[in-house]
Structure formats: C-alpha cells, structure tokens
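A structural walkthrough
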Amino acid sequence: MTGELANDSDGAIENHDPDALLSESARARLARALPPNTKRAYERQGRAFTEWCAQNGRTALPATQQTLADYVSHLADLDKSPATIEQAISAIRMAHRVAGHKGLPHTDAALFILRVHRRDRAASGRRPRKAPPITLGPLRAMVEATDPSTPRGLRDRLILVLGFAIMARRSELSALHTDDISFTEDGLVIRIRMSKADQDATGAEVHVPPGVHPDTDPVRLTRAWLDLLDDQGIPAGPLLRRIDRQGRIGDGLKAASINDIVRALAVKAGLPNAENYTAHGLRAGGPTEAAKAGQPVAFIAEHGRWSKTSPQIMEYIRPVDKWQDNPMRGIGL
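Only a predicted model underlies this, so the values are computations on that prediction, with no experimental measurement involved.

Moving on: the environment of His106. Along the chain, His106 falls in the loop between helix H5 (82-98) and helix H6 (108-123). Exposure remark for His106: the relative accessible area of 44% places this residue in the partly exposed category. His106 sits 13 residues away from Arg93 along the chain, and the two C-alpha atoms are 8.9 Å apart. Contact partners of His106, with chain neighbours within four places excluded, come to Gln65, Leu68 and Arg93. Looking at His106, its side chain comes within polar contact range of the main-chain oxygen of Gly103, at 3.5 Å.

If you check helix H4 (residues 65-77), its first and last C-alpha atoms are 18 Å apart, about what 13 residues at 1.5 Å a residue would give, namely 18 Å. Thr67, Leu68, Ala69, Tyr71, Val72, Leu75 and Ala76 are the residues of H4 that are buried. Tucked into the core, H4 has its buried residues touching helix H3 (36-55), H5 and H6. Of the residues trailing H4, Asp79 is marked for its positive phi of about 60 degrees.

About the cut-offs
Residues numbered from 1 in each chain as written. Predicted model: local features only at pLDDT ≥ 70, side-chain atom pairs only at ≥ 80, totals over all residues. Heavy atoms only, no water. Helix = DSSP H or I, 4+ residues; strand = E, 2+ residues; numbered from the N terminus. Buried < 20%, exposed > 50% of the residue type's maximum accessible area, 1.4 Å probe, protein only. Contact = heavy atoms within 4.5 Å. Polar contact = N/O pair within 3.5 Å; in protein donor to acceptor, adjacent residues only side chain to side chain. Expected span 1.5 Å × (residues − 1).

What follows is the structure, given as structure tokens:
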C-alpha cells in the first residue's frame, strides 16, 4: 500500500497457510480502500522511507522505533513541513498494519522529534503555509477574469461558484456527474456521492439557493453549462470537463486540474500572492462568509459535510469570531 513497503506486506499475505490467503477480488478491494490521493501520497512516502532504510542499513519492515525516529529527524534536517512528516509517519504505520505488525513501530520518540521540529520552525518565524480562503471579494475578481461567452470561461466560472456554494473539496467537484444535479423551485440539489469524510459512501445532498448576482448565481450558471453540454451532444457523464484550445469539450476533469484552474484564475485576476491560491480556498471561503452572515456553525457544518465538532470548520470560522466578538470592540479607545 506504500510503495516498496506494500510489496513486503503482500509477501506477508502470500504464505502456505490457506487461512492466511486472500482472493484476487479481496486484494483488489483492499488496494482501493484508501482514497486515490491518499494512496498515491502513501506510496510516495513509502518509497522514500524504503530507499532511506536501504541507504542507511536499516530494516524498513518491521521498523524499530529508533529507525522511525531517525527517519523523522532526517526529514526535519531536510526542513520538510510538519504536515509532510506526519503523513510519512502515518504511511509507515499503515504499511506495518497491512503487513500484520500491529502497533509497530512505536511513535513516541518520532513524535517528540516532530514537536521539536515544530518549535524550531516557529522560533525561526516559519508559519504553516495555508491556501488563502476564497471569500466573496477574491471570488468576484476571479469570476470577472473569465469569459462566460466561451465554453472554457463558462466552465471556469461554474467551478468557482459551485465550489464556493457547496463548500466543495476538489475531489467532490471532479466526481460530479450531470445526473447528480437536479433543479427545484427553490434552487439546486446536488448529490455528493462520496467524499473524504464519507468513506462508506453513504452520500449527501447539498441544497443551493439562487444567487443575488447573475454572474455568481450557481443555479443560473449550472443550467447554462448543462444546456451547453446538451447542445454539444453530451447529455450525461462528468459535469466538469476538459476543454482544448479549440474549445472542444472532452472527458472529465481530474481533481489536480481543478486546482490548476483555480490558481490560474487567481493569477489572471491579479490577486495578491496569487500563486498560493488552490481549490481548497473555495471550501474555506464558503464557511467564512456564512459565519460573517451569522449562520449557525451546525448549519455550516452540515452544508459542508463536516462533523459538527470538526476542528477544521472552526479554523475557518474563528477569524470571523475574532472580529465580531472582539473584547476590545466598543470600549472607547
């Protein structure tokens, strides 16, 4: 499941005990257990760990807690971000679980080293880099940078507005199909088949009311895009699609492509630090603006498919609260 480590785990499964064997279909489903993006990241981390172990005379699987701690220190020496190091630890632990080495390697020493690395980065003035939330101001600037008279411009405008309106992950946007969209008297109903936080694929429905401004009305833009697809003889399939330089509409957009489109539009709109914008900013901007409008956290969480106690949603809302509920407000300074 994590590069070379996955090969070792397969080896642990393939032995002469019939009760330890897995059918091909079971193995195939296990291989799909992780979301594709997570799986790719874990495979990349697994390969890096295996290569480091080989270069340093260490055993990758099962690894000792000292090997894991030394590897984490190596990543800290390379000034990898704490988030990247956390992912590496998770990938290595996952490979051990798959291989039957439950609870190994112990992580206490590795996590202490990671904590020191965080302190060192903070002391040097380094901050975790975060994609800016795409709130209404940046959103409108990016929308204005599109040309809705062209297929590409209309699609890009829809990506921005729909991503903001449903607080979407880029993977959720790329997974949308035309039959996931329905119109009612009150607006749009969008079916999210599955998402990062819904690994059992129970699905969710997101209700989207019409917008106030025609250029950012998700209902109007969705209808216009579906009409264009229908005119092009594309009545079904992926909602958001590739478009070539001649304006020809192709197959579905990948999540990474949506990220590239959002960043390119931020650059085109001339936003400050435009290169830092990602599609995640759409997911962050929606709850930020909803909190400004006074919407309850529980409503925002349900709309964006977060747990009501998710620390992530509070990260988007706290900056709003710090201004609206500021203890220095109104004291007469």
